[in-house]
Amino acid sequence: MILSLVAAFVVLWGGVARAEPEGREALRNGADVSWRIEPYSDGSRLGLSVPAFAQWRPDGFEEPMTIEMRSDALAMIDAWELAIHRLGDTDFSRPLRRFRGTARTLHRPLQWSGETGDGPALRPGETVVTRLSVRDVSGNIDRSAPQNTLIARYIMRAERRKIAVTDADRASLLDIGTAPLPRRIPVRGHPVDLLLENWDESDAPHASGVPLRRSADAWVLNQFMPTGDHSIVIQSTRPIIGGVRAVPVGVVPVSAPPDLPLVAGVKGTGKLEREPTEQEAPSGFEMEGVVSGRGAISRVLTNREGAEDRLAFALIDVDRPVALVKDARKRRSLLMSYDAGTVAWPGSGRSQASLRDPADPATRRITLTFAIPARPELVLPHTDVSDITLSVRGEGRALRAFRDYFPNTAEGRLLLSGTVLTRLGQMPDAVLDVGYDVPKFAPSVPVVGTIREGGGGADTRWNDIEGGPSVVSSGARKDGLIERFLSLFF
């Protein structure tokens, strides 16, 4: 099987057929679009613009706040979250309001009228803090610097100019962006600049669903594109209920040149079948050959906390070969890169038919069945889970969190207590029924039959190891006994 896939692997890894540094295309509506590949810069940037002042009313704000966001690395982003907190929430653990979506919705402005989903309503004189977080497919998270907003009945004359200056500064920084705090998402590829001229329509053009920004008489967009061929669809828009319809007017064929691969250090590779390859190893490594993706995905990461290692491991395709290399100390690593199937934008180049306003997504319920495990840990197929229920089939009552089991909602893991595990060990034919909620935008993970061995062998999507707004469970404090106990296992 590996031999049949080696040829495809060489084409993918060996670079693209063409990698022109720039080009120009004429669109069907008479406009012209040009593109240019820039040298790699200092990494991706996040943009956030939140109004510095909102006028309070008993039923909400006088006018809804318009919040704008952007990123120049949409191809590497799996999902985003915008969280609004009270100023006193210094550890960002109790958000008043959260908005979430996928990479394709990041650039659409949000409206917030002051409603809160957690805690009492806002009062005049309060300050709220807004922060943008973006996540890749392996759970590495980048966050923007937080921005404050004063909530008051009215604004003092002396404060008007200060707030106006703050709003202008934030609007200007939206386009430029700032370095994430911290920078944890590994970015591969090169920035691509799009310049759209002679656009006679009044509404902004889109590129595979992402709006371009006006610059003088033209429209521009800058995005990191990983190695390979990418078809960026240029779209004009027509209003529809709840958004706009996207009408393709041309395609920009961009070929990003080869770049350094992502490296995942692994152990337990001794029995993996290797096949020869002509691919050259990166500096500091020696090529051992290629192994099957199905075999590679079953290995264990040497450093699970390494952002690059986690991402490279998450990008492995079980049906495609993976390069295996070793360093001078005989430590083995797998090499991976983004491809059309793993790039979030523009992906395969398919254009969206409509661009609707983002909103808080509804959740969907997941129900699973686990065979009684021999070890205390259960690994769920999803991360960022909520409203967990766990019960032994046939018993009338559900197990209780933090008494019978300890949940890690961010990583989708459950740790059974010793008492429960002993009791289950005496019931060899029993099964555990697990239910939980995930956001609608979470990946669809098909599960057939009963999950065995605690789910540890499944292809699990890891979340942020630092934790965040979604990781804090009710009644648990980061500096408390429960959190210290959980840290030993997670």
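Computed from a prediction, not measured in an experiment: that's the story for all the values here.

Parameters and conventions
Every chain begins its residue count from 1, and numbering advances along the sequence as written. The predicted nature of this model means local features are confined to residues of pLDDT at least 70 and side-chain atom pairs, given and counted, to a pLDDT of 80 or more, with totals for whole chains, interfaces and linings taken over all residues. The basis for every side-chain value is the complete set of heavy atoms in the structure, and neither hydrogens nor water enter the calculation. Each helix corresponds to a stretch of at least 4 residues labelled H or I by DSSP, and each strand to a stretch of at least 2 residues labelled E; elements are numbered beginning at the N terminus. The contact rule is simple, with two residues in contact once any of their heavy atoms fall within 4.5 Å. Only strands that DSSP links by at least two bridges are regarded as paired with each other. Here the axes come from fitting lines to C-alpha atoms, over the contacting stretch only for helices, and the angles between their N-to-C directions go from 0 to 180 degrees. Only rings of Phe, Tyr and Trp enter the pairing, Trp through its six-membered ring, and a pair is recorded when the two centres are within 6.5 Å. The plane angle decides the type: under 30 degrees is stacked, over 60 is edge-to-face, the rest tilted. Accessible area is worked out with a 1.4 Å probe on protein chains only. A residue is then buried under 20% of its type maximum, exposed over 50%, and partly exposed in between. Basic side-chain nitrogens of Lys or Arg form a salt bridge, by our definition, when they fall within 4 Å of a carboxyl oxygen of Asp or Glu. Side-chain atoms within 4.5 Å link the members of a nonpolar core, which is a set of buried Ala, Val, Leu, Ile, Met, Phe, Trp, Tyr and Cys residues. Any pair of nitrogen or oxygen atoms within 3.5 Å is treated as a polar contact; in protein, a donor-acceptor pairing is required on top of that, and neighbouring residues in sequence qualify only through side-chain atoms on both sides.

Visitor: Help me out: how do you make sense of the environment of Val192 in this one?
Guide: By the element assignment, Val192 lies in strand β13 (residues 190-197). Separated by 152 residues in sequence, Val192 and Tyr40 place their C-alpha atoms 9.8 Å apart. Once you skip the residues sitting within four places of it in the chain, Val192 turns out to touch Trp35, Arg36, Ile37, Leu221, Asn222, Gln223, Met225 and Val254.

Visitor: For this particular structure, what's the right way to read the sheet that holds strand β6 (residues 65-71)?
Guide: Strand pairing in a sheet relies on backbone hydrogen bonds, with the paired strands running either antiparallel or parallel. One open sheet holds the three strands; their spatial order is β3-β6-β9, and the pairing between them is antiparallel. Because the sheet does not close on itself, it has two edges, and the strands there are β3 (46-49) and β9 (110-112). Looking at each pair of strands side by side, their axes are set apart by 20° on average, direction ignored. Summarising the sheet, β3 and β6 pair through four bridges and their orientation is antiparallel. Each residue of the ladder has a partner; that of Leu46, found in β6, is Ser71.

Visitor: Which parts of the structure should I look at to understand the sheet that holds strand β20 (residues 262-267)?
Guide: Pairing is antiparallel across the open sheet formed by five strands, whose spatial order is β21-β23-β24-β20-β22. Every other strand in the sheet has two partners, leaving β21 (286-292) and β22 (300-301) as the edge strands with one partner each. Relative to β20, helix α4 (residues 307-314) is tilted by about 90°, and along the sheet it contacts β20, β22 and β24 (332-336).

Visitor: I tried to follow the packing of aromatic side chains on my own but got confused; where do I start?
Guide: Any pair of aromatic rings gets described here by the distance separating the centres and the angle formed by the planes. Tallied over the entire structure, the rule returns two aromatic pairs. With 5.2 Å between their ring centres and 90° between their planes, Phe61 and Trp112 make a pair best called edge-to-face. Note that Phe61 is positioned in strand β5 (residues 60-61) and Trp112 in strand β9, a separation of 51 residues in sequence. Here Phe61 matches Trp112 in class, with each residue buried. Note on Phe402 and Phe406: the rings are 6.3 Å apart at their centroids and 80° apart in plane angle, and the pair reads as edge-to-face. Assessed through its relative accessible area of 14%, Phe406 is described here as buried.

Visitor: How do you make sense of the environment of His85 when you look at a structure like this?
Guide: Position of His85 among the secondary structure elements: in strand β7 (residues 79-86). Each residue touching His85, except ones within four places of it in the same chain, is listed here: Phe92, Ser93, Arg94, Pro95, Leu96, Thr127, Val128 and Val129.

Visitor: Looking at this structure, how should I read the pattern of salt bridges?
Guide: Where charged atoms from two side chains of opposite charge approach closely, those side chains can pair. What the rule picks out here adds up to 24 salt bridges. Measuring nitrogen to oxygen at the nearest pair gives 3.2 Å for the salt bridge that ties Arg213 to Asp175. Of this pair, Arg213 sits in strand β16 (residues 213-215) while Asp175 sits in helix α2 (residues 157-176), placing them 38 residues apart in sequence. Of the residues examined, Asp175 reaches a relative accessible area of 36% and is grouped as partly exposed.

Visitor: Hey, could you run me through α4 in this one?
Guide: Quick reminder: α-helices carry 3.6 residues per turn. Residues three or four places apart thus point the same way. The buried count for α4 comes to six of eight residues, which makes it a mostly enclosed element. Three or more residues of α4 are buried, namely Ala307, Asp309, Arg310, Leu311, Ala312 and Phe313. For α4, the elements touching its buried residues are β20, α3 (293-296), β22 and β24.

Visitor: Explain the nonpolar core here, please?
Guide: Generally speaking, nonpolar side chains in soluble globular proteins are found buried as a group. The biggest cluster of nonpolar side chains holds 48 residues, and the ones touching the most others in it are Trp80, Leu82, Leu132 and Leu196. Looking at this core element by element, the count peaks at four residues for strand β19 (residues 243-256). In this structure, Leu132 is in contact with Leu46, Gly47, Leu48, Met69, Trp80, Glu81, Leu82, Leu106, Asp142, Arg143 and Ser144, ignoring residues within four places of it in sequence. The next biggest cluster of nonpolar side chains, apart from the first, holds 24 residues, and it includes Phe224, Ala264, Leu311 and Leu315.

Visitor: What exactly am I supposed to notice about the side chain of Asp404 here?
Guide: One can find Asp404 in the loop between β28 (386-392) and β29 (405-408). Side chain to side chain, Asp404 and Arg403 meet in a polar contact 2.9 Å long. Contact partners of Asp404, with chain neighbours within four places excluded, come to Leu399, Leu415, Leu416, Ser417 and Val420.

Visitor: Honestly, the pairing of β21 in this entry has me stumped. Any pointers?
Guide: Remember that side chains alternate between the two faces of the sheet whenever the strand is regular. Where burial is concerned, most of β21 is hidden: five out of the seven residues are buried. Of the strand pairs in this sheet, β21 and strand β23 (residues 321-326) are connected by six bridges, and their pairing is antiparallel. Bridge pairing links Glu286 to Lys326 in β23.

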